[in-house]
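Summary of the model geometry
Spelled out, the chains give:
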Amino acid sequence: MDEDAVRDRLRTVEDPELEDDIVSLGLVNELSVEGDEVDIDLALGAPYSPTETDIAGEVRKLLLEEGLEPNLSASIPDRDSGGDEQVLPGVKNVIAVASGKGGVGKSTVATNLAAGLSQLGARVGLFDADVYGPNVPRMFDADEPPMATEDETLVPPEKYGVKLMSMAFLTGEDDPVIWRGPMVHKVITQLTEDVEWGNLDYLIVDLPPGTGDTQLTMLQTMPVTGAVIVTTPQDVALDDARKGLEMFAKHDTVVLGIAENMSTFACPDCGGEHDIFGSGGGEEFAETHNMPFLGSIPLDPTVREGGDGGEPTVVSDDGETGDAFRTITENVANNTGIVHRRGASQPSGTGTRVSDR
């Protein structure tokens, strides 16, 4: 088969989320045929996303059925050609995890998202940018500080396959961080640029609650792929989640979806279910604002135990709660892929909202 014939066969491979074939969408970057070998570079940008894994698998299967040996690679041309001068050149995707208010489990979602992506096989880093209340080291049971290189850069410790960086590594255990905005800007910049993150598929950034200096610094200095907004079903939390949504909109940052934490509590004693913080508020919020709903996490004591004990629930729990975190992880990865594939199919830069599905 020649290149035209192979390309024609690839028109049978559908992108289930963009609802067209990968050739018509412009997702075949390069294609060459030499003998029985076919080299194909696909515009897939979310490693280990279930959808993109399936697309690549379908391409491979189709070519093998034609008696060809496929050599597949993946790249997003605009993103992967930035050179060494760009911030975080080895990081493919930066995912911000945010909330409008504290106490909704944002750090819990960030840690489980990072560990969940690592379980899928991705190379993952977790940057605890909540400089005033860093919790990530405890939630990963990580007490090993980063190592310093001769070039005065930091090598992050690793736990559960996730590279970790947090202000908590650099201050005393009980020392409060009392800084004004310029100091926050400086430390966020240093912990972004002076850390040996290496090559990562995903860097998860756990932001502090609210819409302050840290969020502004990150959006101005880091190549953020998209954001996850965490809320509870409670109206008060949803009011503040709306502010976070507006913040990302003003900075042209894609919101990958809404994650609802602390939903229904299943009582182990009476067997009943109780909506302690309300019911369905996160899903309704997502629908109202035309945003993807990533999933609900039940109010489960195992989540608290995992956070305090340093073992993320997505790693330790094989039941409903662990599955809830795994669902959110897969949805975040899939929606990250949508952003990249839609951008590749519409290079003018329009149509990158995940909610346009």
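Residues numbered from 1 in each chain as written. Predicted model: local features only at pLDDT ≥ 70, side-chain atom pairs only at ≥ 80, totals over all residues. Heavy atoms only, no water.

Topic: the overall build of the protein
- From N to C terminus, the protein includes twelve helices and 17 strands.
- Carbon and sulfur atoms make up 44% of the accessible area of the protein, which totals about 16300 Å². (Helix = DSSP H or I, 4+ residues; strand = E, 2+ residues; numbered from the N terminus. Areas by Shrake-Rupley, 256 points an atom, 1.4 Å probe, with all protein chains shown as cover.)

A word on the side chain of Thr329
- Within the secondary structure layout, Thr329 lies in helix H12 (residues 320-345).
- Setting aside its immediate chain neighbours within four residues, Thr329 contacts Asn112, Leu113, Gly116, Leu117 and Leu120. (Contact = heavy atoms within 4.5 Å.)

A look at the pairing of strand S5 (residues 69-74)
- Sheet analysis places strand S4 (residues 37-42) next to S5, joined by six bridges and oriented parallel. Pairing of Glu37 across the sheet is with Glu69, part of S5.
- With respect to chirality, the unit in which S4 leads through helix H2 (residues 50-65) into the neighbouring parallel S5 is right-handed. (Pairing = 2+ DSSP bridges. Right-handed = clockwise from strand over helix to strand, strands pointing away.)

What to know about unusual backbone geometry
- We note that Leu88 has phi near 55°; this positive angle belongs to a residue other than glycine.
- Its location among the elements puts Leu88 in the loop between helix H3 (77-80) and strand S6 (94-98).
- Leu88 sits in the buried class, given a relative accessible area of 9%.
- Unusually for a residue other than glycine, Asp141 sits at a positive phi of about 50°. (Buried < 20%, exposed > 50% of the residue type's maximum accessible area, 1.4 Å probe, protein only.)

Considering the sheet that holds S4
- Pairing is mixed in the open sheet, where three strands are placed in the order S3-S4-S5. If you trace the sheet from one side to the other, it starts and ends with strand S3 (28-34) and S5, each paired once. Recorded for the sheet is a direction-independent mean angle of 15° between the axes of neighbouring strands.
- Packed on one face of the sheet, helix H1 (residues 3-10) meets S3 and S4 and runs near 135° to S3. (Axes fitted to C-alpha atoms, helices over the stretch in contact; angles between N-to-C directions.)

A few points about the packing of helix H4 (residues 106-120) against H12
- The contact between H4 and H12 brings their axes to 9 Å, and the two run at 75°. Between H4 and H12, the angle is such that the two are roughly perpendicular. Taken together, the residues of H12 that come into contact with H4 (itself represented by Thr108, Val109, Asn112, Leu113, Gly116, Leu117, Gln119 and Leu120) are Phe325, Arg326, Thr329, Glu330, Val332 and Ala333.
- Of the residues in the contact of H4 with H12, the class split is seven nonpolar, five polar and two charged. (Parallel < 35°, antiparallel > 145°, perpendicular 65-115°, else oblique. Nonpolar A, V, L, I, M, F, W, Y, C, P; charged D, E, K, R; others polar.)

Considerations on the packing of H2 against H12
- One can describe the packing of H2 onto H12 by two numbers: an axis separation of 7 Å at closest approach and a directional angle of 65°. Contact residues: H2 offers Pro50, Thr51, Glu52 and Ile55, while H12 offers Glu330, Asn334, Gly337 and Arg341.
- Class assignment for the residues of the contact of H2 with H12 results in two nonpolar, three polar and three charged.

Re the environment of Val38
- Considering the arrangement of structural elements, one finds Val38 in strand S4.
- Here Val38 falls in the buried class, since its relative accessible area comes to 0%.
- Between the C-alpha atom of Val38 and that of Arg60, which follows or precedes it by 22 residues, the distance is 10.0 Å.
- In contact with Val38, not counting residues within four places along its chain, are Val6, Ser32, Val33, Leu63, Leu68, Glu69, Pro70 and Asn71.

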